[in-house]
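Structural overview for review
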Amino acid sequence: MGQRKTRSGETGRNLSRRKFLGVTAGATAALSFGTFIRSGQGAASLKILTWSNTLNAMDDTLREQAKQYTKEKGVDVAFEFINQTDLPTKTAAAVESGAGPDIITTWSDGAHLHDKALIDVSDIAESLGKQLKGWTNIGQDIGLVGKVWKAVPWGIIPICVTYRTDWCKEVGYEKFPDTYDDLLVMSKKLKDKGHPVGFALGRAIGDGNQSHYPIFWAFGGMEAKKDGKTVAINSPETAKAVDWRRRLFKEAETEDVLSWDDSSNNRAFLAEAVSVTGNAASIYWAEKKNAPQLREVTNHALWPQGPAGRFGYSTAMGLGIFRFSKSQKEAKEFITWLMQPKQYSAWIGVGEGQIAGLANFYEDDPVWKKDPKLEVIRQIPKYVRMPGYPAPPSRPAAEAMVKYVLVNMFARACKGMSTAETIKIAENELKEIYAKA
Amino acid sequence: MASTANVESTQARPWLSRFRKPEALTGYFLISPAVFLMLVLLAYPFVLAVWISLTDRVLGEPGKFIWLGNFLKLLQDSLFLQTVWNSFVYTISTVFLKMLLGVILALLLNQDIPCRNLVRGLILMPWIVPTSLSVLTWLWMFDSLFSVVNYILLGAGLISKKVPWLGDPLWAMVSVIIVNTWRGLPFFAVSFLAGLMTIPRELYEAAEVDGALRFRQFWHITLPLLQPVIAVVVLFSTIWTFADFQIVYILTHGGPINATQIFATMAYDVALVAGRIGEGSAISLFLFPALLVVIILMLKYLRRE
């Protein structure tokens, strides 16, 4: 009864619907205005969009460091971690809408694709370069757009060969083969013993591309010439790489690899279904917790050498600052702080090989002395190149990668297409892509 | 009578005068939020996408207006032509299968079976569960190493070696078709069931009196009366399947060797990963004119019915 009285009685007259709406609207406006004023004048804040590391501990370290920075410098810093496959979409949305995080993780060629949306960070990239004994080739490849630094090289997820030492010993190999020809011989022996090898040939944006660009380059293949315009994939060198890949598939792999995504090889290796695969240190990490007995017999090797040398392709990340950011100065200061040995070593130290530095200084980081099996990973950055090599990273090279032009060229050969035919298809696809540039 | 007079008087005046009537004004006022939402959430993004598809825009840059340049270029793109083919194979097969199985399932559910309501509810499960979650389960079921489907088929002696579900171009297409059919079937079955329940019982009784067998009853009574429902469901499903993204993206990413690349997955790769949003928009809008014609024809047909 009391309630009814309140509705229709005195309170009802004092606070009519119109009055209520008026008061609410006024309060909302006042609050919004307050927020607006605060956002213009208050303490600076920084938002950083980055990938969610497969190793949570590394993200936790970054969160802790952000808190510490806020405490020390009074600048609010917040990391937003998202799935690696969502990073392009989120970046695209920020670039298009002109709103979003202040700092973005440029993924591989991200700084080249979004260079107009990013500010010039040459001042901090150059001073950090001087301080940290210079940048590696791959660091320069991803950060420098023309002559301007658009991203500070941050780190690389080193992809190498992960293999079973016990099974390789069983077929007479104490050391991992150093050439692709030797690898083929050993792989056949391994399969004959019931231990096939496996390199992803499905739509594994990471492992598929990262296993096949190194093979392609090592045999002397190139998508385009150094000018970045003339398609040059149709060559005897490419044919040799395709023939080698087909033989590996027929003699030493199972058909599964054609469907492998980025996590398939981890699962296969941990299930002891493959003896050799191309991967980051994530398998070794997973074994630490779930299969210590396998960790004992797992080791890493550099990609073998081919007639044209030794190459690798791993995802390298940079930190870029959006043009629309209101806290560009603070962003530069934070990136410089984050790259200092105290913070950086703590971060890669937790990763134990999951991330390697792009500055030469970090080649001697204490993390590499933690475990002799990480020694190989330490060396990877110096062999890494980006799609499009020998030309600098570009939009056509990125498009060719996301369209799996190279991986599909190898996959078609493995499914039975002739070498000339599969290269011709890849050549046509590349010509279509490069013609748009 | 009063209302007739009202309508006549409104018609006699110029149309603007309708706005003077307070109740008409209230009417427009009341539908304005809906119109506003339609404009902001549907019309604006659509018009923007059409505009972008007519430019050579790349992410972060304004781009030039190039008329139908993107669409003409796509017609010469071998990967795109394969995508068009894949999209048609995917859509036609899944819609046909869903229609066929949907009719059968609806006829079964319309019978007096035990726990009928429970079964009808359970049938809806694939439609209710979030697609991304259920497709992840399918991904595990088709896994190259641990496929439970292969395990069962091998165990039952139906196959002698593992089927490369997602590893072979043909099997990959079969896999995405199976999953799409599984996911969409409840919508078809339940819609058809609703249609079946509206068919008057007397028609069947009359047919029985005339000596028509079950198949003839189905052919001459059920099917013709179900036709409008089938038309609407097929129309919706065709549009949804042409625009499908999740199933293919999660299961195959368009692979292997582009065997399952469809409009939405290719548009995603080109627009968001490679940054060519003009071309990406053109890919996703490529079929719009054709679909529009189909929609208009279907709606006209339905109105006539």
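Above: the structure in question.
This report concerns the structure included in the present document. (Residues numbered from 1 in each chain as written. Chains lettered and ligands numbered in written order. Predicted model: local features only at pLDDT ≥ 70, side-chain atom pairs only at ≥ 80, totals over all residues. Heavy atoms only, no water.)

Take the packing of helix α11 (residues 214-242) of chain B against helix α15 (residues 288-304) of chain B next. All names here are of chain B. At a minimum axis distance of 10 Å, the contact between α11 and α15 shows a crossing angle of 165°. Judged by the inter-axis angle, α11 sits roughly antiparallel to α15. Handedness of the α11/α15 crossing: left-handed. Seen from α11, the contacting residues are Q227, P228, A231, V232, L235, I239 and F242; seen from α15, they are L291, V294, I295, M298, Y301 and L302. Looking at the contact of α11 with α15 residue by residue, the class counts come to 12 nonpolar, one polar and no charged. (Axes fitted to C-alpha atoms, helices over the stretch in contact; angles between N-to-C directions. Helix = DSSP H or I, 4+ residues; strand = E, 2+ residues; numbered from the N terminus. Parallel < 35°, antiparallel > 145°, perpendicular 65-115°, else oblique. Left-handed = near helix turned anticlockwise from the far one by under 90°. Contact = heavy atoms within 4.5 Å. Nonpolar A, V, L, I, M, F, W, Y, C, P; charged D, E, K, R; others polar.)

A few words on the sheet that holds strand β6 (residues 152-157) of chain A. Residue and element names in this part refer to chain A. With mixed pairing, five strands are arranged side by side in an open sheet as β2-β1-β3-β12-β6. Pairing within the sheet leaves two strands with one partner each, and these edge strands are β2 (76-82) and β6. Pairs of neighbouring strands in the sheet enclose a mean axial angle of 25°, with direction left out of account. Judged from the two bridges that link them, strand β1 (residues 45-51) and strand β3 (residues 103-107) form a sheet pairing that is parallel. (Pairing = 2+ DSSP bridges.)

Another point: the side chain of T136(A). Tracing the backbone through its elements, the reader meets T136(A) in the loop between α7 (122-131) and α8 (137-143). Among residues more than four places away in sequence, those in contact with T136(A) are L358(A), N360(A) and P381(A).

With that settled, the discussion passes to the interface of chain B and chain A. At the interface, 42 residues of chain B touch 33 residues of chain A. Interface of chain B and chain A: buried area, both sides summed, is about 3200 Å²; carbon and sulfur atoms make up 55% of it. Of all residues in chain B, L59(B), I257(B) and R276(B) give up the largest surface area on contact with chain A, accounting jointly for 19% of the area buried on that side. Summed over the shared surface of chain B and chain A, the result is seven salt bridges. When the shortest N-O distance is used, the salt bridge between D143(B) and R267(A) registers 2.3 Å. Between the two partners, chain B and chain A, sit 11 residue pairs in polar contact (both at pLDDT 80 or more). Looking at the side of chain B that touches chain A, the elements with two or more residues in it are α4 (78-109), α7 (131-141), α13 (263-273) and α14 (277-285) of chain B. Residue contributions to the side of chain B that touches chain A peak at six residues, all from α13(B). Of the residues contributing to the side of chain B that touches chain A, the split by class is 20 nonpolar, 12 polar and 10 charged. (Buried area = accessible area lost by both parts, 1.4 Å probe. Salt bridge = Lys/Arg side-chain N within 4 Å of Asp/Glu carboxyl O. Polar contact = N/O pair within 3.5 Å; in protein donor to acceptor, adjacent residues only side chain to side chain.)

This part covers the sheet that holds strand β7 (residues 160-164) of chain A. All names here are of chain A. Pairing is antiparallel in the open sheet, where three strands are placed in the order β8-β7-β9. In this open sheet, the two strands that pair with only one neighbour each are β8 (276-279) and β9 (298-301). On average, each strand axis in the sheet is inclined to that of its neighbour by 30°, with strand direction left out of account. Sheet topology note: the β7/β9 ladder contains four bridges and is antiparallel. In the sheet register, V161 faces β9, and the bridge partner there is A301.

Moving on: the pairing of strand β12 (residues 315-321) of chain A. All names here are of chain A. The buried fraction of β12 is high, at seven of seven residues. Covered by surrounding structure in β12 are T315, M317, L319 and I321 together with A316, G318 and G320, the residues of both alternating faces. In the sheet, β3 pairs with β12 via five bridges, with the strands oriented antiparallel. Paired with T106 across the two strands is G318, which belongs to β12. Relative to β12, β6 is paired through five bridges, and the arrangement is antiparallel. Directly across from I157, in β12, lies its bridge partner T315. (Buried < 20%, exposed > 50% of the residue type's maximum accessible area, 1.4 Å probe, protein only.)

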